[in-house]
Amino acid sequence: MLLKFWKMNGAGNDFLVLNNLEEHLPVDRLPQIARTLCERRLSIGADGLMVVDAPQAGGDYRMLFYNSDGSVGEMCGNGARCICRYGFENGLAGEKQTVETTAGIVTGQRIDRRRYRIRLNDPTTIQLDAAVEVDGVRYACSYVELGNPGLPHAVVPYHNLKNADENELRELGRAIRWHKSFPKGANVNFYEMTGEDTIFERTFERGVEDFTYACGTGTGSLVAVLTLQGKVSGHDVKVDMTGGQLVIDAEREGSRITALYLTGPTNVVCKGEVTDEDLQL
């Protein structure tokens with residue numbers, strides 16, 4: 001059985017896309033398929049697997065997301081932008097579309113051939129002061145959950161982030177990701193301000209268990225926190241990461257963020273058929 005796939009990335013956050021409206025794969029096999037196909041060097045390689053399936057709540061289609069370790073992801077911002085392009089180019093939806101995710105409905109809009117904008121799941125939890133202690137050192141930290149069930153993100157300022165020691169930062173990211181303060185675990189978003197409404201960010205993602213080139217939901221969570229703290233305006237906030245730049249707009253009412261919008265590039269890297277002989281279907 002040959003599976004048709006697309007490989008895409010959004011600002012370097014890369015994904016495999018399967019269309020289960022055509023493939024009819026059992027859902028209980030998808031975690032194993034994700035683990036196999038997302039393994040770099042041994043297979044195609046990606047940060048995650050996205051599967052298009054039939055809608056269940058009135059959307060244009062449903063997006064199932066699996067991290068590279070096979071765990072279920074509640075939502076993925078860059079993945080949702082990519083899958084909106086996939087949906088448009090495969091006739092599943094128009095230039096404006098509604099995507100069902102585990103964390104709730106996500107709406108997307110085509111800006112041009114490569115740029116897409118989505119409304120991220122609304123923040124359901126924001127704790128501006130959620131400091132954590134690691135090896136006797138106290139780190140300033142905020143905590144955000146997007147959608148329901150909430151996708152968890154820790155937001156951590158880090159001085160001179162661009163020049164940080166990669167191994168030291170990875171160990172700190174791993175420690176915060178598994179910190180007892182976060183029962184569900186957390187994606188860890190390190191950041192430093194680089195100018196007015198400009199930020200540099202690096203995200204240690206749970207499920208990948210390493211840094212990724214970009215993280216859309218992490219970027220949205222970061223800007224939500226900084227908007228409430230008065231450190232950014234919330235409008236056209238530019239966030240640079242290893243894989244490129246994302247732009248966030250945060251709508252605020254008092255102490256609440258009422259909407260988050262993520263805009264950025266997409267790239268269709270290749271299309272083909274999976275021939276991996278280690279894949280058990």
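Whatever comes next refers back to the structure up there.
Just so we're clear, the structure is a prediction, and the values are computed from it rather than from any experiment.

Definitions and limits used
Residues numbered from 1 in each chain as written. Predicted model: local features only at pLDDT ≥ 70, side-chain atom pairs only at ≥ 80, totals over all residues. Heavy atoms only, no water. Helix = DSSP H or I, 4+ residues; strand = E, 2+ residues; numbered from the N terminus. Buried < 20%, exposed > 50% of the residue type's maximum accessible area, 1.4 Å probe, protein only. Contact = heavy atoms within 4.5 Å. Areas by Shrake-Rupley, 256 points an atom, 1.4 Å probe, with all protein chains shown as cover. Lys, Arg positive; Asp, Glu negative; His and termini not counted. Charge placed at Lys NZ, Arg CZ, Asp CG, Glu CD. Expected span 1.5 Å × (residues − 1). Arc of directions from axis to C-beta. Polar contact = N/O pair within 3.5 Å; in protein donor to acceptor, adjacent residues only side chain to side chain. Salt bridge = Lys/Arg side-chain N within 4 Å of Asp/Glu carboxyl O.

Enquirer: Just give me the short version of the overall build of the chain, but keep the residues and values in it.
Expert: A tally of helices and strands in the chain yields five helices and 19 strands. Dimensions of the chain along its principal axes, counting C-alpha atoms only, are 50 × 35 × 30 Å. Considering the chain as a whole, with its 281 residues, one finds that 56% of them fall into the buried category. For the chain, the share of sequence-separated contacts (at least 6 apart) that also reach a separation of at least 24 residues comes to 61%. Split by element, the accessible area of the chain, about 12100 Å² in all, is 44% carbon and sulfur. Mean positive and mean negative side-chain charge positions of the chain (30 and 39 charges, respectively) differ by 3 Å.

Enquirer: Give me the lowdown on helix 4 (residues 166-177), citing residues and values where you can.
Expert: Helix length check: helix 4 (12 residues) gives 16 Å between terminal C-alpha atoms against 16 Å at 1.5 Å per residue, within 8%. The complete set of buried residues in helix 4 reads Leu 169, Arg 170, Leu 172, Gly 173, Ile 176 and Arg 177. All buried residues of helix 4 project into a common sector of 165 degrees when viewed along the axis, lining one side. Opposite the packed face of helix 4, turned more than 90 degrees from it, sit the exposed residues Asn 167 and Glu 168. Residues of helix 4 that are buried sit in contact with strand 9 (132-134), strand 10 (137-139), strand 12 (151-157), strand 13 (187-195), strand 14 (198-205) and strand 15 (210-212). Of the residues that open helix 4, the one with a side-chain oxygen 3.1 Å from the backbone nitrogen of Asn 167 is Asp 165.

Enquirer: Pulling in residues and values, what's your account of the side chain of Thr 101?
Expert: Relative to the assigned elements, Thr 101 resides in strand 5 (residues 96-101). Contact partners of Thr 101, with chain neighbours within four places excluded, come to Met 63, Glu 74, Met 75, Val 106 and Asn 121.

Enquirer: Quick rundown of the environment of Phe 15? Include the residues and the values.
Expert: Mapped onto the elements of the fold, Phe 15 is located in strand 2 (residues 13-19). For Phe 15, a relative accessible area of 0% puts it in the buried group. As for Phe 15 and Phe 204, which are separated by 189 residues in sequence, their C-alpha atoms are 17 Å apart. Non-local contacts of Phe 15, meaning those with residues more than four positions away in its chain, are made with Trp 6, Lys 7, Met 8, Gly 10, Ala 46, Gly 48, Met 50, Phe 65, Cys 76, Asn 78, Gly 79 and Cys 82.

Enquirer: Lay out unusual backbone geometry in plain terms, naming residues and giving numbers.
Expert: Looking along the chain, the bond that leaves Asn 148 and enters Pro 149 is cis, with omega of 5 degrees. Locating Pro 149 in the fold gives a position in the loop between strand 11 (142-146) and strand 12. Backbone geometry places Asp 135, a non-glycine residue, at a positive phi of 50 degrees. By secondary structure assignment, the location of Asp 135 is in the loop between strand 9 and strand 10.

Enquirer: Before we move on, can you summarise the pattern of salt bridges with the specific residues and values?
Expert: With the rule as written, the count across this model stands at 17 salt bridges. For Arg 115, the salt bridge goes to Asp 112, with nearest N and O atoms at 3.1 Å. The partly exposed category is assigned to Asp 112, whose relative accessible area is 30%. Salt-bridge contacts for Arg 202 lead to Glu 166; the nearest nitrogen and oxygen are separated by 2.6 Å.

Enquirer: Please set out the environment of Glu 253 residue by residue, giving values where relevant.
Expert: Note that Glu 253 resides in strand 17 (residues 244-253). Under the relative-accessibility criterion, Glu 253 is labelled exposed at 53%. For Glu 253 and Gly 243, which are 10 residues apart along the polypeptide, the C-alpha to C-alpha distance reads 32 Å.

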